[in-house]
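Below, each chain spelled out in residue letters.
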Amino acid sequence: MADPSITLDTQTPGAVVRVIPTSVRARRIGGTVLAYCVMIAVSIILILPLLWLFAASLKTQQLVLSTPRGFGEFFASLVPSDPQFVNYSEALTRRPFGLWTRNTMIIVVLATAGTLLSASMAAYAFARLRFPGRQLLFTVTLSTLMLPFIVTMIPQFLMFSKIPGPSSAGNWTDTLMPLILPHWLGGGAFYIFLMRQFFTTIPHELDEAARIDGAGFFRSYWQITLPLSGPVLATVTIFSFITNWNDFLAPLIYLASRQNQTLALGLQSFQGEFSNEHHLLMAASATMTVPVLLVFFFMQKYFLRGFVMSGIAGR
């Protein structure tokens, strides 16, 4: 009786046919099915808090505080029978969330643009240029990853407090500049490393051909390297967007007036004032979560490609 795992190639004479025993194939299929089951289970566990957040934002105060009995009732509660969409309008009108969203978007857009420009220029220098001390300087740059923000927090605050500015205190505190300017002067060691790893995968022959045509280093960086670096630019954009959008400590240090607050600070003050109205708090929290989900959803393809091509994933 013929083994069904044996296949013969009658189209290509002399071709070598690989024979895989049935038991080996069964083990491979079983391992694949088991791996997918584990990943699905872990994904469900990780996404349950997010689903509960959106479900609670559409419930009344009594239903939010009710305790489900058993897993069946819990999963059923994730789909509210009578969704209260009015929770969102009520939560967003009790406090100036529009003003806070504008401040946050200004910080996020300008800080992300500064990070992309400064980090890409530094990464291009480390990846494509040859100059004395390049490796040492790159090592020093990476060593700054070991410095947490709390170490540089006080010196930065003292520096911005001594720069004349338009705030009521006569300096740059209680303005958005301390949350934007550092990203234009230093892109961050992690982003520089990520871009540098990606830039090294671009063939050097492109730079040589550009120099033969008369292009300088900056033109080669701007017209050749950056257009070919879409995946890593998208990756850095996602990271920078999420970091600046969720940042709480830096705005807490620099921003004092309510009209300059960001969404993170506004949500904290909202939680303090409406701690007993959980349905409104969930609606405000869900609103702050949506932009991050949308950015990652539309850019996830470039995000994963940037990680793979930068040499981080799988190494």
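Quick caveat, the model's predicted, so the values are computed rather than measured. (Residues numbered from 1 in each chain as written. Predicted model: local features only at pLDDT ≥ 70, side-chain atom pairs only at ≥ 80, totals over all residues. Heavy atoms only, no water.)

Trainee: What's the story with helix α11 (residues 217-225) in this structure? I'm lost.
Mentor: An α-helical turn contains 3.6 residues, so any two residues separated by three or four positions project in the same direction. Those residues of α11 that sit buried are S220, Y221 and T225. The buried residues of α11 occupy an angular sector of 100 degrees when projected down its axis, which confines them to one face. Packed against the buried residues of α11 are α5 (97-128), α9 (189-199) and α10 (204-212). (Buried < 20%, exposed > 50% of the residue type's maximum accessible area, 1.4 Å probe, protein only. Helix = DSSP H or I, 4+ residues; strand = E, 2+ residues; numbered from the N terminus. Arc of directions from axis to C-beta. Contact = heavy atoms within 4.5 Å.)

Trainee: Which parts of the structure should I look at to understand the packing of aromatic side chains?
Mentor: When we look at a pair of aromatic rings, we describe it by the centre distance and by the angle of the planes. Evaluation of the coordinates by the stated rule reveals 14 aromatic pairs. Centroid distance F97 to W100: 5.3 Å. Interplanar angle 75 degrees. Geometry classified as edge-to-face. Here F97 pairs with W100, and both are found in helix α5, just 3 residues apart, close to one helical turn. A relative accessible area of 0% places W100 in the buried class. Ring geometry for F241 against W245: centres 5.6 Å apart, planes inclined by 10 degrees, an arrangement best described as stacked. Taken together, the residues span about one helical turn, with F241 and W245 both in helix α12 (residues 230-246) at a distance of 4 residues. Pair check on accessibility: F241 and W245 agree, each one buried. An aromatic cluster is built from Y124, F218, Y221 and W222, whose rings are joined through pairwise contacts. The aromatic ring of F138 is capped on one face by R196, whose charged end is 4.6 Å from the ring centroid. (Phe/Tyr/Trp six-rings, centres within 6.5 Å; stacked < 30°, edge-to-face > 60°. Lys NZ or Arg CZ within 6 Å of the ring centre and 35° of its normal.)

Trainee: Would you explain the environment of I202 in this entry?
Mentor: Mapped onto the elements of the fold, I202 is located in the loop between α9 and α10. Contact partners of I202, with chain neighbours within four places excluded, come to R128, T225, L228 and S229.

Trainee: Would you explain the pattern of salt bridges in this entry?
Mentor: Two side chains of opposite charge can pair, provided their charged atoms sit close to one another. Scanning the entire structure with this criterion turns up 3 salt bridges. Between E277 and R94 there is a salt bridge whose closest N-O contact spans 2.9 Å. Of this pair, E277 sits in the loop between α14 (263-273) and α15 (278-309) while R94 sits in helix α4 (residues 86-94), and the two are 183 residues apart along the sequence. Judged by relative accessible area, which is 24%, E277 ranks as partly exposed. A relative accessible area of 29% places R94 in the partly exposed class. With a shortest N-O distance of 2.8 Å, R128 and D207 are connected by a salt bridge. (Salt bridge = Lys/Arg side-chain N within 4 Å of Asp/Glu carboxyl O.)

Trainee: Could you clarify how one ought to interpret a nonpolar patch on the surface in this entry?
Mentor: A cluster of nonpolar residues, M105, I106, V109, L110, L117, M121, W184, L185, F218 and W222, forms a patch on the protein surface that exposes about 960 Å² of accessible area. Of all elements in the fold, only α5, α8 (177-185) and α11 reach the threshold of two or more residues within the nonpolar patch. Top element by residues in the nonpolar patch is α5. It accounts for 6 residues. Mapped onto the fold, F218 is located in helix α11. Its relative accessible area of 53% is what places F218 among the exposed residues. (Patch = residues over 30% accessible without salt bridge, like charges linked within 9 Å, V, L, I, M, F, W, Y side chains within 5 Å. Areas by Shrake-Rupley, 256 points an atom, 1.4 Å probe, with all protein chains shown as cover.)

Trainee: How should I be thinking about the nonpolar core in this particular structure?
Mentor: As a rule of thumb, nonpolar side chains are buried together in soluble globular proteins. With 24 residues, the main nonpolar core has F97, F241, W245, L263, F270 and M288 as its most contacted residues. Every element with two or more residues in this core is listed here: α1 (22-56), α5, α12, α14 and α15. Among the elements that make up this core, the one with the highest residue count is α15 (9 residues). Two domains each put at least three residues into this core: domain 1 (4-83) and domain 2 (89-312). Sequence-distant contacts of M288, that is, excluding residues within four places in its chain, are made with W245, N246, L263, A264 and L267. Ranked by size, the runner-up nonpolar core spans 18 residues in total, among them A119, Y124, M195 and V236. (Core = buried A, V, L, I, M, F, W, Y, C linked by side-chain atoms within 4.5 Å. Domains from an automatic or database assignment.)

Trainee: Teacher, can you tell me more about unusual backbone geometry here?
Mentor: For residues besides glycine, phi is generally negative; the peptide bonds are generally trans as well. Positive phi is not limited to glycine here, since D174 has a value of about 60 degrees. Inspection of the secondary structure puts D174 in the loop between α7 (149-161) and α8. Residue D174 is classed as buried on the basis of its relative accessible area of 15%.

Trainee: Explain the packing of α5 against α11 here, please?
Mentor: Pairs of packed helices are described in terms of their axes, by the angle between the two and the distance that separates them. Interaxial distance between α5 and α11 falls to 11 Å at its minimum, and their mutual angle equals 115 degrees. Classified by the angle between their axes, α5 and α11 sit roughly perpendicular to one another. Here α5 runs over α11; the crossing is right-handed. Within the contact between the two elements, α5 uses L117, S120, M121 and Y124 and α11 uses F217, F218, S220, Y221, W222 and T225. Class assignment for the residues of the contact of α5 with α11 results in 7 nonpolar, 3 polar and no charged. (Axes fitted to C-alpha atoms, helices over the stretch in contact; angles between N-to-C directions. Parallel < 35°, antiparallel > 145°, perpendicular 65-115°, else oblique. Left-handed = near helix turned anticlockwise from the far one by under 90°. Nonpolar A, V, L, I, M, F, W, Y, C, P; charged D, E, K, R; others polar.)

Trainee: Sorry if this is basic, but what is going on with the confidence of the model for the chain here?
Mentor: In low-pLDDT regions, the fine details of the predicted coordinates are not to be read closely. In the predicted model, the chain carries a mean pLDDT of 85, and the fraction of residues at 70 or more is 90%. The low-confidence segment residues 1-9, where pLDDT is below 50, has 11 contacts with residues more than four positions distant or belonging to other chains. (pLDDT = per-residue confidence, 0-100.)

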